[in-house]
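# Descriptive structure summary
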Amino acid sequence: MPGQNPRTTVWLLFFCQALMNATMVGQVAMGALIGHSLAEDKALATLPMAVQMTAVMVASIPASLLFARFGRRAGFVLGALFSITGSLTFAAGVWQGDFVLYCAGAVPAGLGFGIAQHYRFAAAEVAPPDYRARAIALVMAGGVLSAIFGPELVKHTRELVAPTLFLGTYLVIACLPPIVLLLLTITRLPPAPARPKTRTPLIEIMRRPAFIAAAGSGLVAYGTMNLVMTSTPIEMMLCGFGVDASATVIQIHAFLMFAPGFVTGRLIQRFGIRPIIVAGALLTMGCVAASVAGVSFAHFGIALGLLGIGWNFMFVGATALLATSHTAEERVRAQAANDFIVFGTVACTAFLSGAIHAKAGWAALNLMLLPALALALGLVAWQAMRSRRAATA
């Protein structure tokens, strides 16, 4: 809206992000369980999530073109429409007991969620420079509401349309994106960026140390988190826990993914971007330690809690670092390239999660996080060294 305070805009984006994230949190809580029940080959239990994350990756390129041509509002409206379509297709797959149709619903759902990832970039664009890191973190903190609401929605609606489990849940989830559409009508969003007379080659942007470290940290943050999170409901089921227990653990995890967002921006302002990314990697290593230590409810809760905080520090830090790697004219292409890399990795981990868990087990799946985290720490150290050299020169 004309003359809207940037902080008001950021809060509206916060609620849009919360509602869009709720559709994903609910899907995480039940998607692998539904896949496990519908797929003949149980190694394919996480295939719907893999398809959804592949669609998130695919969305990054056309979304960037849409944002560049028509602005943020048009893109976010299309994302909400995709999300509605995905939820209704999921519902049809559950109703028919059709695994292929259920997987098909993951395509529009993933496209909608992929477009929704740009709410954090929109926050960076409307915020003044000294408020940018906090704006990014705050919009991502919208996931706090989804972390509370998403699993509770699953718990209270899974038998709404008995005897078909989870059908009612998807019908309720389909009602969330229309609320986003209403919020977008009162949100001031940046117009399409001016087209520069000369365009910096994308490969040149991607060669910058800040871009490499940001994309590398982001893909490790999201990839490691998704690898463990996707298989957690299955492992808990195999350990004798019910749907409510696994939904509660996912709720703890999702809450701690986003709750630190209220302070992560301030921590970045005080300590810097790179130390926060490093702290996130160390917390994720703590998740690995808790996961291999035992399979009680407490072990699952502590592990997934640490995983959530670690993801927040790493991903918010990576997003803030990405904002330093490009100019205003380059932003849409840099953001699209970053999300293509990050969510391409997430799609791979979503598929591999079920296969690794089925073939190698829970402990081996968790230990696979350690080399990736070491890579992220190495990239951050390398970028810091390059930055110091450039400043000296």
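These numbers come from a predicted model, not from an experiment. (Residues numbered from 1 in each chain as written. Predicted model: local features only at pLDDT ≥ 70, side-chain atom pairs only at ≥ 80, totals over all residues. Heavy atoms only, no water.)

### A closer look at the pattern of salt bridges
Just so we agree on the cut-off: For this document, the term salt bridge refers to a Lys or Arg side-chain nitrogen within 4 Å of an Asp or Glu carboxyl oxygen. What counts as a helix is a DSSP run of H or I of at least four residues, what counts as a strand is a run of E of at least two, and both are numbered from the N terminus. Each residue's exposure class comes from its accessible area (1.4 Å probe, protein chains only) as a fraction of the maximum for that residue type: buried when under 20%, exposed when over 50%, partly exposed otherwise.
The tally for this structure, following the rule as stated, stands at six salt bridges. Close ionic contact of Arg72 with Glu125 constitutes a salt bridge, the shortest N to O distance being 2.5 Å. Linking Arg72 in helix 3 (residues 72–96) with Glu125 in helix 5 (residues 119–126), this pair joins segments that are 53 residues apart in sequence. Judged by relative accessible area, Arg72 falls into the buried class, the value being 3%.

### What about the nonpolar core?
For the record, the criterion: Definition used in this section: a nonpolar core is a set of buried Ala, Val, Leu, Ile, Met, Phe, Trp, Tyr and Cys residues joined via side-chain atoms within 4.5 Å. What makes two residues a contact is simply this: any of their non-hydrogen atoms within 4.5 Å.
If you look at the biggest cluster of nonpolar residues, it comprises 84 residues, and the most contacted ones within it are Met53, Tyr170, Tyr222, Trp311, Met314 and Phe343. With 13 residues, the single largest contributor to this core is helix 11 (residues 209–238). Sequence-distant contacts of Tyr222, defined by excluding residues within four places in its chain, comprise Phe113, Gln117, Trp311, Phe315, Val342, Phe343 and Val346. Grouped together as the second largest cluster of nonpolar side chains are 28 residues, Met20, Ala122, Val126 and Leu189 included.

### Focus on the environment of Leu181
Its place among the elements puts Leu181 in helix 9 (residues 176–184). In this structure the C-alpha to C-alpha distance between Leu181 and Leu12, which are 169 residues apart in sequence, comes to 12 Å. Setting aside its immediate chain neighbours within four residues, Leu181 contacts Val77, Ala80 and Leu81.

### Focus: the packing of aromatic side chains
Filter applied, for reference: Centres within 6.5 Å are what make two rings of Phe, Tyr or Trp a pair, Trp counting through its six-membered ring; a difference in plane orientation under 30 degrees is then read as stacked, over 60 as edge-to-face, and the rest as tilted. Charge over a ring is defined by NZ of Lys or CZ of Arg lying within 6 Å of the ring centre and within 35 degrees of the ring normal.
Per the counting criterion, the structure on display carries 16 aromatic pairs. Between Phe258 and Trp311 the ring centres are 5.5 Å apart and the planes differ by 80°, which places this aromatic pair in the edge-to-face class. Residue Phe258 is found in helix 12 (residues 243–258), and its partner Trp311 is found in helix 15 (residues 297–322); the two are separated by 53 residues along the sequence. Of the aromatic side chains, those joined through ring pairs into one cluster are Tyr222, Phe258, Trp311, Phe315 and Phe343. Over the aromatic face of Tyr131 sits the side chain of Arg7, whose NZ or CZ is 4.2 Å from the ring centroid. Against the face of Phe67 rests Arg72, its NZ or CZ located 4.5 Å from the ring centre.

### Structural notes on the confidence of the model for the protein chain
Note the threshold: For every residue, the pLDDT score states the predictor's confidence, bounded by 0 at the bottom and 100 at the top.
Residue-level pLDDT values for the protein chain average 88, and 98% of them are 70 or greater. Predicted confidence in the protein chain is weakest over helix 7 (residues 143–157), with a mean pLDDT of 82, and strongest over helix 14 (residues 273–293), with 96.

### What to know about the packing of helix 6 (residues 132–140) against helix 15
Helix-helix packing: each pair is described by the crossing angle between the helix axes and the interaxial distance. Our working definition: Axis angles are defined between N-to-C directions and span 0 to 180 degrees, where every axis is a line fitted to C-alpha atoms and, for a helix, only to the segment in contact. Orientation labels follow simple angle bins: below 35 degrees gives roughly parallel, above 145 gives roughly antiparallel, 65 to 115 gives roughly perpendicular, and whatever is left gives oblique. Here a crossing is called left-handed whenever its near helix is offset anticlockwise from the far helix by less than a right angle, and right-handed whenever the offset is clockwise. Three residue categories are used. Nonpolar comprises Ala, Val, Leu, Ile, Met, Phe, Trp, Tyr, Cys and Pro, charged comprises Asp, Glu, Lys and Arg, and polar comprises the others, including Gly.
One way to put it is that helix 6 packs onto helix 15 with a least axis distance of 10 Å and a crossing angle of 135°. Relative to helix 15, helix 6 is oriented oblique. When you trace helix 6 past helix 15, the crossing you get is right-handed. Across from Ile136, Ala137 and Met140 in helix 6, the residues of helix 15 making contact are Trp311, Phe315, Val316, Thr319 and Ala320. For the contact of helix 6 with helix 15, the residue count by class is seven nonpolar, one polar and no charged.

### Thoughts on the environment of Leu88
Along the chain, the position of Leu88 falls in helix 3. As for Leu88 and Ile148, which are separated by 60 residues in sequence, their C-alpha atoms are 22 Å apart. Ignoring anything within four residues of it in the chain, the contact list for Leu88 reads Leu171 and Ala174.

### Describing helix 16 (residues 331–359)
Applied cut-off: How far a helix is expected to stretch is found by multiplying one less than its residue total by 1.5 Å. Bend angle per residue: angle between axes fitted to the 7 residues ending at that residue and the 7 residues starting there.
Taking 1.5 Å of rise per residue, the 29 residues of helix 16 would be expected to cover 42 Å, and the 41 Å separating its terminal C-alpha atoms lies within 8% of that figure. Of all bends in helix 16, the biggest is about 30°, found at Leu352. Of the residues trailing helix 16, Gly361 is marked for its positive phi of about 100°.

### Here we look at helix 15
With 26 residues, helix 15 should cover 38 Å at 1.5 Å per step; its first-to-last C-alpha distance of 37 Å lies within 8% of that length. Counting buried positions along helix 15 yields 20 of 26 residues, so the element is predominantly enclosed.

### Describing the packing of helix 13 (residues 261–271) against helix 15
Following both chains from N to C, one finds helix 13 and helix 15 inclined at 55°, their axes separated by 10 Å at the closest point. By the criterion of interaxial angle, the relationship of helix 13 to helix 15 is oblique. Our pair here, helix 13 against helix 15, has a crossing hand that is right-handed. Of the residues in helix 15, those in contact with Gly261, Thr264, Leu267 and Ile268 of helix 13 are Asn312, Phe313, Val316, Gly317 and Ala320. Taken together, the residues of the contact of helix 13 with helix 15 sort by class into five nonpolar, four polar and no charged.

### Some remarks on the side chain of Arg158
Tracing the backbone shows Arg158 in the loop between helix 7 and helix 8 (167–173). Setting aside its immediate chain neighbours within four residues, Arg158 contacts Thr164, Leu165, Phe166, Thr169, Val243 and Asp244.

### Here we look at the environment of Phe121
Relative to the assigned elements, Phe121 resides in helix 5. Separated by 67 residues in the primary sequence, Phe121 and Thr54 have C-alpha atoms spaced 20 Å apart. Sequence-distant contacts of Phe121, that is, excluding residues within four places in its chain, are made with Arg72, Thr319, Leu322, Gln335, Asn338 and Asp339.

### A few points about unusual backbone geometry
Cis geometry is adopted by the peptide bond preceding Pro163, which originates at Ala162 and carries an omega value of 5°. The residue Pro163 is located in the loop between helix 7 and helix 8 in this model. Positive phi, normally seen in glycine, also occurs at Phe166, with a value near 75°.

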